[in-house]
Amino acid sequence: MPKQPPEDIKKEIESLVKEINYHGYLYYVLDAPVITDEEFDRLYRRLVELEEASGYVLPDSPTRRVGAPPLEKFAKVRHSMPMLSLDNAFSHDEVREFDRRIKRLLGGGAAEDIQYTVEPKYDGLAIELTYAGGLLDRASTRGDGYEGEDVTRNIKTIRGAPLKIEPDELPGGPPEVIDIRGEVYMEVEEFRKLNRRREEAGLPAFANPRNAAAGSVRQLDPAVTAGRKLYLACYGVGVSEEVRFKSQSDFIGWLKRMRFPTPAVFETAEGIEEALQVVKRIEQMRDSFGFETDGAVIKVNDFGLQQKLGSKTREPRWAIAYKFQAHVATTRIVDIQASVGRTGVITPFAVFEPVKIGGVTVSKSTLHNWDEIKRKDIKIGDTVVVERAGDVIPHVLMVVKEKRTGRERPLPPPRHCPACGSNAVREEGEVAVKCIALGCPAQVREKIIHFASRNGMDIEGLGEKNVELLYSRGLIRGFEDIYRLKKEDLLALPRFAEKSASNMIAAIERSKTATLARFLYSIGIIHVGEYAAKQLARNFSRLEDLYDVTPARIMEIKQMGEKIANAVSAFFGDGKNKETLDTLKRLGLKIQNPDFAAGRRKLPLEGMTFVLTGTLPRPRKKVEELIEAEGGHASSSVSASTSYLVAGENPGSKLAKAKELGVKTISYDELEKMLKKGGPAPSKPNLF
Ligand code: IVH
C-alpha cells in the first residue's frame with residue numbers, strides 16, 4: 001500500500017500520473033503529441049519530486065517504468081494457453097485454398113462469405129501481457145510457445161505498453177485477468193541509429209530490426225531495454241476470465257479504447273477476395289510503415305467460428321499469414337571497392353550490375369568488412385542474391401556458387417589506403433582495416449561532411465559534393481576553415497551563385513551558436529555518437545570543463561563505458577585538438593548548453609542535511625565525504641533543519657535532541673541505501 005500523504009499532494013500526484021500517461025499515449029501510441037518535450041519533462045520532474053518527498057507512488061505511475069535493478073536470470077513462465085505460430089501462404093491461390101478449407105470445416109451454410117480481418121504481420125518478438133485487477137502484472141516472451149521468460153520489468157519500459165487498463169463499459173467491468181498478446185518491434189530508423197551507435201562504441205551490429213528488438217527485450221538489465229526505443233502492437237487475446245469479445249474486430253476496438261497500441265492497419269473484409277484486396281494495399285504501403293513487415297495476417301473475425309475451427313498442434317486453423325514477395329534479386333558483382341570513413345576505417349562495398357528490387361534500383365551495397373567477405377566467400381564476378389529489407393541498406397545474402405565460371409577473383413584486405421596510399425593496418429582482435437595517416441584526405445573530407453551534417457552543426461549546403469569541391473580547391477582542410485570562408489570564395493566556384501553563396505554563409509553563421517551536445521557529436525570524437533554527446537553535455541557545463549577530464553570522471557556518467565571515456569579523455573588531452581577548439585572559438589563559435597541544467601543528474605542527497613552520531617562502521621570523516629559527494633550536507637549539530645540523524649552504536653545526546661525536534665533517525669545501512677539510489681529522470685523522446 002502506498003503511504004498516504006496530505007490530500008492536496010495526493011490529488012496532485014494522481015492528476016500528474018493521469019496527465020503524463022495520457023500524453024505518453026498521444027506520443028507513443030498515436031504518434032500525435034500535443035505538448036512539447038520540455039512541457040512533458042516538466043510534468044515528469046514534478047511527479048518525481050512529489051513522489052520522492054511523499055513516498056506515494058501509484059501502481060501505474062510512469063516512474064515505475066524505470067529503475068529496476070539487473071537480474072541474474074529470467075524466471076520461466078508457462079503460458080495459460082499456448083502461443084501458437086501461423087501457417088504461411090505464398091500466393092493468393094493458397095489464401096483462397098485456406099478460405100475453401102474453412103468453409104469445408106464449418107459445413108452448413110458454407111456458400112456464405114466468411115468475414116475476415118486483415119492486419120500487417122509484425123516482424124518482432126511475440127509477447128504476452130497479463131493484466132490482473134487491471135494492472136500489468138506480468139509480461140513474458142513466447143519462448144517455445146508453451147513456456148517463455150518473464151520479462152515484465154523490461155516490457156514496462158516500453159512507453160506504449162499501458163501499465164493499467166482503465167475501467168470501461170464492458171459488461172461486468174474490466175476483466176479480472178486478461179492475457180493480451182502482441183509483438184514488440186523496433187522501427188527501421190531506430191534500428192539503424194542503434195547500429196550506428198553500436199559501431200561507434202565498438203560493439204557488433206544487429207543483423208535486422210527483429211534481432212535488435214529481441215536482443216533488447218531479453219536483457220537482464222532493464223536500463224538497457226529502457227535505452228532502446230521499442231514499440232508494441234497488440235493483436236490477440238489469450239485466456240480471459242470469460243469470453244467477452246465476440247470477434248477480433250470487437251477485441252481490437254476494445255484495445256483501442258483502452259489505449260493499447262494496435263496494428264497500424266486493421267480492416268474487416270467480407271469474403272476472401274475483399275481480404276486479398278486489403279492484403280494488396282498493405283503490401284503497397286509496406287515501405288512507408290517505418291517498421292518491417294513480411295506479410296499480412298488474415299483471421300476469421302468471429303471468435304465463435306474460431307473456436308469451432310480450433311487449432312492444429314502448432315497453428316490455428318482460423319488464421320493464415322500471407323507472405324509478401326521478399327525484396328530480393330540476383331545480380332552480378334562487377335567490382336569490389338573500398339571507402340575510407342572519418343575514423344579511417346576502410347569499408348569494402350560491392351558494385352553490382354544495377355538491378356531493381358521492390359521498385360528501387362540498387363547498384364551497390366556495403367560488404368561490412370573483410371571477415372564478412374571471407375565468411376560469405378564473395379568474389380568479384382560472382383552472381384549474388386541481394387536483399388533490400390524495409391528501407392534498410394541492401395545487403396548480399398549469398399553467393400550463387402553454381403553460377404561460378406572460374407574467372408571470379410577474390411579481393412584480399414588492402415595493404416594500402418585507397419584514398420591516400422598510406423599503409424593500412426589491422427589491429428589485434430579488430431575486424432576493421434584502418435588508415436592511420438593523419439592527413440588522409442578521405443578522412444578529412446568525411447570529418448567535415450560529418451561536422452556539417454544535419455545532426456551535426458547542420459550547415460545546409462555543405463554536403464558531400466560541396467565539401468569535395470571546397471577541398472579540391474584547397475579552401476578547407478579542417479573544421480576551422482569553414483568559418484574562414486567568405487562569400488567571394490564561394491562565388492568564384494562553378495557551383496555557386498549569389499543566392500546559394502549567401503545561403504551557405506548564413507547557414508555557417510547560424511551554426512556558430514550550436515549546442516554543446518551537437519558540437520561534441522560534430523567534432524567526431526571516436527565512439528561519441530549523439531547519445532554520448534548529449535550525456536556529456538548534460539554533465540559538463542562548458543567545453544573547457546572537458547579539457548582536463550579523466551576517464552574515471554566520464555565513467556561516472558550513466559552508460560559511459562571505458563572505451564568512450566578513454567577516447568574523450570585522449571581527444572581533449574591532445575594539444576592539436578585543443579588548438580583547433582581554441583581557433584574555432586576565436587572565429588566566433590559560441591557554444592550554448594541548454595542540456596546541462598535540465599539534464600544534470602540530480603544527486604540523491606541533494607538538499608538534505610545529515611548529522612552523525614555514535615560509532616559508525618566507517619570513519620566519520622569518510623562518511624561525511626560520501627554524503628557531500630552525493631550532494632548532501634554534513635553538519636555537527638542537530639537542529640530543526642536537519643533532515644536525518646545517522647545513528648551508529650552508542651549514540652550520544654544528539655539522539656535525544658533529534659527525537660525532541662522530530663528529526664528522523666536512520667541507521668548507517670539506511671544511509672547507504674540512500675546513497676545508492678537516484679539517477680536522472682528519462683528524457684522524452686527516449687534517446688537511446
Ligand atoms: S496472430 C495464433 N497477428 O507471427 C495466432 N501474429 O508466425 C498467432 N505475428 O507468433 C498470432 N504479427 O509472433 C498474429 N498481426 C499478427 C502478427 C502475428 C506478427 C507473429 C506472432 C506469431 C508469428 C507467427
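Each value, and the rule that gives it
- Residues numbered from 1 in each chain as written.
- Predicted model: local features only at pLDDT ≥ 70, side-chain atom pairs only at ≥ 80, totals over all residues.
- Heavy atoms only, no water.
- Buried < 20%, exposed > 50% of the residue type's maximum accessible area, 1.4 Å probe, protein only.
- Helix = DSSP H or I, 4+ residues; strand = E, 2+ residues; numbered from the N terminus.
- Contact = heavy atoms within 4.5 Å.
- Pairing = 2+ DSSP bridges.
- Axes fitted to C-alpha atoms, helices over the stretch in contact; angles between N-to-C directions.
- Salt bridge = Lys/Arg side-chain N within 4 Å of Asp/Glu carboxyl O.
- Phe/Tyr/Trp six-rings, centres within 6.5 Å; stacked < 30°, edge-to-face > 60°.
- Lys NZ or Arg CZ within 6 Å of the ring centre and 35° of its normal.
- Near = heavy atom within 4 Å.
- Polar contact = N/O pair within 3.5 Å; in protein donor to acceptor, adjacent residues only side chain to side chain.
- Areas by Shrake-Rupley, 256 points an atom, 1.4 Å probe, with all protein chains shown as cover.
- Nonpolar A, V, L, I, M, F, W, Y, C, P; charged D, E, K, R; others polar.

**Points about helix α13 (residues 464-472)**
Next up, step 1: Those residues of α13 that sit buried are N466, V467, L469, L470 and Y471.
Next up, step 2: Packing partners of the buried residues in α13 comprise α12 (441-452), α15 (487-491) and α16 (498-511).
Next up, step 3: Once α13 finishes, G474 follows within two positions and takes phi at roughly 75°, a positive value.

**Here's the deal with the sheet that holds strand β21 (residues 644-647)**
Next up, step 1: Across the sheet, which stays open at both edges, the 4 strands sit in the order β20-β19-β21-β22 with parallel pairing between neighbours. The open sheet has two edge strands, β20 (633-635) and β22 (664-666), and neither has a second partner. When the angles between neighbouring strand axes are averaged without regard to direction, this sheet yields 35°.
Next up, step 2: Both β21 and β22 contribute to a ladder of 3 bridges, which runs parallel. In the strand pairing of β22, L645 is matched with T665.

**Thoughts on the pattern of salt bridges**
Next up, step 1: Counted by the stated rule, this structure contains 32 salt bridges.
Next up, step 2: Across the salt bridge formed by R100 and E97, the nearest N and O atoms sit 3.1 Å from each other. Of this pair, R100 and E97 both sit in helix α3 (residues 92-106), separated by 3 residues, roughly a single helical turn.
Next up, step 3: For R100, a relative accessible area of 46% puts it in the partly exposed group.
Next up, step 4: Residue classification places E97 among the partly exposed positions, given a relative accessible area of 29%.
Next up, step 5: Among the ionic contacts, a cluster of salt bridges with common partners joins D377, D382, K401 and R404.

**Quick look at the packing of aromatic side chains**
Next up, step 1: The tally for this structure, following the rule as stated, stands at 18 aromatic pairs.
Next up, step 2: Pairwise contacts between aromatic rings join Y122, Y185, Y231, F289 and F291 into one cluster.
Next up, step 3: Sitting above the plane of the Y25 ring, R259 keeps its charged end 5.4 Å from the centroid.
Next up, step 4: Positioned above the aromatic ring of Y471 is the side chain of R445, whose terminal nitrogen or guanidinium carbon lies 5.3 Å from the ring centre.

**Some points on the site of the ligand**
Next up, step 1: What surrounds the ligand is a group of 14 residues, the closest being E119, Y122, E183, Y235 and K299.
Next up, step 2: Within the side chain of E119, an N or O atom sits 2.9 Å from a nitrogen atom of the ligand.
Next up, step 3: In the environment of the ligand, a nitrogen atom lies 2.9 Å from a nitrogen or oxygen atom belonging to the backbone of Y122.
Next up, step 4: Burial of the ligand by the protein chains amounts to 87% of its free accessible area of 520 Å².
Next up, step 5: Contributions of two or more residues to the shell around the ligand are made by β3 (115-122) and β10 (293-300).
Next up, step 6: In terms of residues, the shell around the ligand owes the most to one element, β3, which gives 4 residues.
Next up, step 7: Class assignment of the residues belonging to the shell around the ligand gives a composition of 8 nonpolar, 1 polar and 5 charged.

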